[in-house]
Amino acid sequence: MNKPEIIEKLKTIVKPYVKNQEAFDNLTENTDFITDLQINSANLVDVILDIEEEFSIIIDNQSMERMPDVKSAMEIIETKLSEM
Amino acid sequence: MIGNDIVDLALAQKESNWKRKGFLDKIFTKKEQLQISNAENAEVMVWNLWSRKEAAYKIYNRQTQIRGYFPLQLECFDLKIIDRIIFGKVMVKGSIYFTKTEITAQFINTIAVENVQDFDEIKLLKNRNNIQKTNGIPEYFEAENLSTKPVSISHHGRFQQIISV
């Protein structure tokens, strides 16, 4: 799976939790889930669980710690996928 | 140092399914999960513990300038109820913060402090006038002596709370 495919899947995952539509429409690697997309911090757990289901990976606690932005989430997904 | 958090219970019910598989395991330690399963109202306990973690995280974030998502490393303990106000502590990577939580039918509100005597110094602000964020962390600017005071803002659904110390 390449980067654009991962980012497209990620966008589909976060969409239901987004509170700032404009930031979502302009999403880049530098977008922050909480400060930019204004995803409720409790919903970030749902994002993580959805990522785990969608990509069939497990995001361990250490990886989860780096989660708040798109760039780190992408790196985590890419790393986990490469380990499979 | 202060932090606060407010949970609109009606909105939380709509936004989050805490019974979802894996949800509790990602954010609550085994001991906290035991408190949830033993609670008279499990859902209220979920948001009670969550708001304490969030409020404590805001102090940690202000002190260290480190952002991250590590709810399991914010452990709630030592819960005491005095006159319907819940007092507790949260351990964050070796530091202990004190929390005070109010639970109503509509919302759950936690204020966290670094020094327990700061609970008496907390002031509620009515609006965001003179509040600016530096590195995502809000501060109140006092024009008369050019100093700043720490501020914590929480907004969820129908409720907003802005505090300063």
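As shown above, the structure is provided for reference.
## Comments concerning the overall build of chain A
Then step 1. Scanning chain A for helices and strands turns up five helices and zero strands.
Then step 2. The order of helices and strands in chain A, counted from the N terminus, is α-α-α-α-α.
Then step 3. Projected onto its principal axes, the C-alpha positions of chain A cover 35 × 25 × 20 Å.
Then step 4. With 84 residues in all, chain A has 50% of them scored as buried.
Then step 5. For chain A, the exposed area adds up to about 4200 Å²; of that, 46% sits on carbon and sulfur atoms.

## Here's the deal with the pattern of salt bridges
Should the charged atoms of two oppositely charged side chains come close, the side chains can pair.
Then step 1. Here the structure, examined in full by the defined rule, presents 18 salt bridges over all chains.
Then step 2. The salt bridge involving Lys80(A) is made with Asp60(A); its shortest N-O contact spans 2.4 Å. Linking Lys80(A) in helix H5 (residues 70–82) with Asp60(A) in the loop between helix H3 (43–55) and helix H4 (61–64), this pair joins segments that are 20 residues apart in sequence.
Then step 3. For Glu65(A), the salt bridge goes to Lys93(B), with nearest N and O atoms at 2.6 Å. Here Lys93(B) lies in the loop between strand S3 (85–92) and strand S4 (95–103) and Glu65(A) lies in the loop between H4 and H5, a pairing that spans two chains.
Then step 4. Where salt bridges share partners, they join Asp46(A), Asp50(A), Glu53(A) and Arg20(B) into one cluster.

## Some points on the interface of chain B and chain A
Then step 1. Tallying the contact residues gives 20 residues for chain B and 22 residues for chain A.
Then step 2. The junction of chain B with chain A conceals about 1700 Å² of combined surface from both sides, 50% of it contributed by carbon and sulfur atoms.
Then step 3. Here chain B and chain A share seven salt bridges between them.
Then step 4. Arg20(B) is the partner of Asp46(A) in a salt bridge, and the nearest nitrogen-oxygen pair spans 3.0 Å.
Then step 5. Here the residues of the side of chain B that touches chain A sort into eight nonpolar, five polar and seven charged.

## Details of the sheet that holds strand S10 (residues 159–164) of chain B
Residue and element names in this part refer to chain B.
Then step 1. Taken together, the five strands give an open sheet; going across it, the order is S6-S10-S9-S8-S7, and neighbouring strands pair in antiparallel fashion. In this open sheet, the two edge strands, each paired with only one partner strand, are strand S6 (123–125) and strand S7 (131–134). Shown here is a sheet whose adjacent strand axes are inclined to one another by a mean of 40 degrees, direction ignored.
Then step 2. Where S6 meets S10, three bridges bridge the pair, whose relative direction is antiparallel. Counted as the bridge partner of leucine 125 is isoleucine 162 from S10.
Then step 3. Lying over the sheet, helix H4 (residues 42–64) contacts strand S8 (137–142) and strand S9 (147–156), oriented at roughly 145 degrees with respect to S9.

## Quick word on the packing of helix H1 (residues 3–14) of chain A against H5(A)
Residue and element names in this part refer to chain A.
Then step 1. In the contact formed by H1 and H5, the axes pass within 11 Å of each other and the chain directions differ by 115 degrees. Remark: the crossing between H1 and H5 carries right-handed chirality. Contacts from Lys3, Ile6, Ile7 and Leu10 in H1 reach Val70, Ala73, Met74, Ile77, Glu78 and Leu81 in H5.
Then step 2. Classifying every residue of the contact of H1 with H5 gives eight nonpolar, no polar and two charged.

## Section: the packing of aromatic side chains
All names here are of chain B.
Then step 1. Within this structure, the stated rule accounts for four aromatic pairs over all chains.
Then step 2. Note on tyrosine 60 and phenylalanine 70: the rings are 5.4 Å apart at their centroids and 80 degrees apart in plane angle, and the pair reads as edge-to-face. One end of the pair, tyrosine 60, is in helix H4; the other, phenylalanine 70, is in the loop between H4 and strand S2 (74–82), with 10 residues separating them in the sequence.
Then step 3. Of the residues examined, tyrosine 60 reaches a relative accessible area of 8% and is grouped as buried.
Then step 4. Seen from their ring centres, phenylalanine 87 and phenylalanine 119 are 6.2 Å apart, and the 80 degrees between their planes marks the pair as edge-to-face. Here phenylalanine 119 lies in the loop between strand S5 (107–113) and S6 and phenylalanine 87 lies in strand S3, a separation of 32 residues in the sequence.

## Considering the side chain of Thr31(A)
Then step 1. Looking at the element boundaries, Thr31(A) is found in the loop between helix H2 (21–25) and H3.
Then step 2. At a separation of 2.9 Å, a polar atom in the side chain of Thr31(A) contacts the main-chain amide nitrogen of Thr28(A).

## Concerning the environment of Asp50(A)
Then step 1. Relative to the elements of secondary structure, Asp50(A) occurs in helix H3.
Then step 2. With a relative accessible area of 16%, Asp50(A) lands in the buried category.
Then step 3. Once the C-alpha coordinates of Asp50(A) and Pro16(A) are considered, the two residues, 34 residues apart in sequence, prove to be 11 Å apart.
Then step 4. Here Asp50(A) is in contact with Ile13(A), Tyr17(A) and Arg20(B), once residues within four sequence places are set aside.

Each value, and the rule that gives it
- Residues numbered from 1 in each chain as written.
- Chains lettered and ligands numbered in written order.
- Predicted model: local features only at pLDDT ≥ 70, side-chain atom pairs only at ≥ 80, totals over all residues.
- Heavy atoms only, no water.
- Helix = DSSP H or I, 4+ residues; strand = E, 2+ residues; numbered from the N terminus.
- Buried < 20%, exposed > 50% of the residue type's maximum accessible area, 1.4 Å probe, protein only.
- Areas by Shrake-Rupley, 256 points an atom, 1.4 Å probe, with all protein chains shown as cover.
- Salt bridge = Lys/Arg side-chain N within 4 Å of Asp/Glu carboxyl O.
- Contact = heavy atoms within 4.5 Å.
- Buried area = accessible area lost by both parts, 1.4 Å probe.
- Nonpolar A, V, L, I, M, F, W, Y, C, P; charged D, E, K, R; others polar.
- Pairing = 2+ DSSP bridges.
- Axes fitted to C-alpha atoms, helices over the stretch in contact; angles between N-to-C directions.
- Left-handed = near helix turned anticlockwise from the far one by under 90°.
- Phe/Tyr/Trp six-rings, centres within 6.5 Å; stacked < 30°, edge-to-face > 60°.
- Polar contact = N/O pair within 3.5 Å; in protein donor to acceptor, adjacent residues only side chain to side chain.

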